[in-house]
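Architecture at a glance
In case you want the letters, here they are:
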Amino acid sequence: METYIAAALFVVITSLVYVRVGFANITNSYRMWFEEGYWVNYIIV
């Protein structure tokens with residue numbers, strides 16, 4: 001039973017985040033991970 005509650009909470013919270021941030025912004029972020037330049041250029045502070 002706890003597994004079903006945890007899965008339901010995961011889906012609800014994830015859906016809220018996706019709706020609030022925007023599906024386009026999140027998919028663009030995921031797409032950036034697969035670009036070669038993302039992993040080659042290091043961020044220096």
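The shown structure was predicted, so the numbers you read here are calculated from the model rather than taken from an experiment.

Here's the deal with the overall build of the protein
Helix and strand content of the protein: three helices and zero strands. Along the chain direction, N to C, the helices and strands of the protein fall in the order α-α-α. Counting only C-alpha atoms, the protein reaches 45 × 20 × 20 Å along its principal axes. Within the span of the protein, comprising 45 residues, buried residues form 4% of the whole. Approximately 4600 Å² of the protein is accessible, and the part contributed by carbon and sulfur atoms is 71%.

Overview of a nonpolar patch on the surface
A contiguous nonpolar surface patch, about 960 Å² in accessible area, is contributed by Met1, Tyr4, Ile5, Leu9, Val12, Ile13, Leu16, Val17 and Val21. As for its position among the elements, Tyr4 is in helix 1 (residues 2–21).

Quick word on the confidence of the model for the protein
For the protein, the average pLDDT comes to 89, and 93% of its residues sit at 70 or higher. For the protein, per-element mean pLDDT is lowest for helix 3 (residues 36–40), which scores 76, and highest for helix 1, which scores 97.

A few points about the packing of helix 1 against helix 2 (residues 23–33)
Geometrically, a packed helix pair is captured by the angle between its two axes and the distance between the axes. The N-to-C vectors of helix 1 and helix 2 enclose an angle of 100 degrees; their axes lie 6 Å apart at closest approach. It follows from the interaxial angle that helix 1 and helix 2 lie roughly perpendicular. Mapping the contact onto sequence places Val17, Tyr18, Val19 and Val21 in helix 1 and Phe23, Asn25, Ile26 and Tyr30 in helix 2. Residue composition of the contact of helix 1 with helix 2, grouped by class: seven nonpolar, one polar and no charged.

The rules behind each value
- Each chain carries its own residue numbering, running from 1 in the written order of its sequence.
- Two thresholds apply to this predicted model, a pLDDT of at least 70 for residue-level local features and 80 or more for giving and counting side-chain atom pairs, whereas whole-chain, interface and lining totals are computed over all residues.
- Based on all heavy atoms of the structure, the side-chain values leave hydrogens and waters out of the count.
- Each helix corresponds to a stretch of at least 4 residues labelled H or I by DSSP, and each strand to a stretch of at least 2 residues labelled E; elements are numbered beginning at the N terminus.
- For the exposure calls, accessible area comes from a 1.4 Å probe over protein chains only, and a residue counts as buried if that area is under 20% of its type's maximum, exposed if over 50%, partly exposed in between.
- For the accessible areas, the method is Shrake-Rupley and the probe is 1.4 Å, while residue cover comes only from the protein chains on display.
- Exposure above 30% relative accessible area and the absence of a salt bridge qualify a residue for a patch, where like charges join within 9 Å and nonpolar side chains (Val, Leu, Ile, Met, Phe, Trp, Tyr) within 5 Å.
- Salt bridge, as applied in this entry: a Lys or Arg side-chain nitrogen positioned within 4 Å of an Asp or Glu carboxyl oxygen.
- Here pLDDT means the predictor's own confidence in every residue, given as a number from 0 to 100.
- For helices, the axis comes from a line fit to the C-alpha atoms of the stretch in contact; other axes are also lines fit to C-alpha atoms, and the angle between any two N-to-C directions lies between 0 and 180 degrees.
- Roughly parallel means an angle under 35 degrees; roughly antiparallel means over 145; roughly perpendicular covers 65 to 115; every other angle is labelled oblique.
- What makes two residues a contact is simply this: any of their non-hydrogen atoms within 4.5 Å.
- The residue classification treats Ala, Val, Leu, Ile, Met, Phe, Trp, Tyr, Cys and Pro as nonpolar and Asp, Glu, Lys and Arg as charged. All others, Gly included, are polar.

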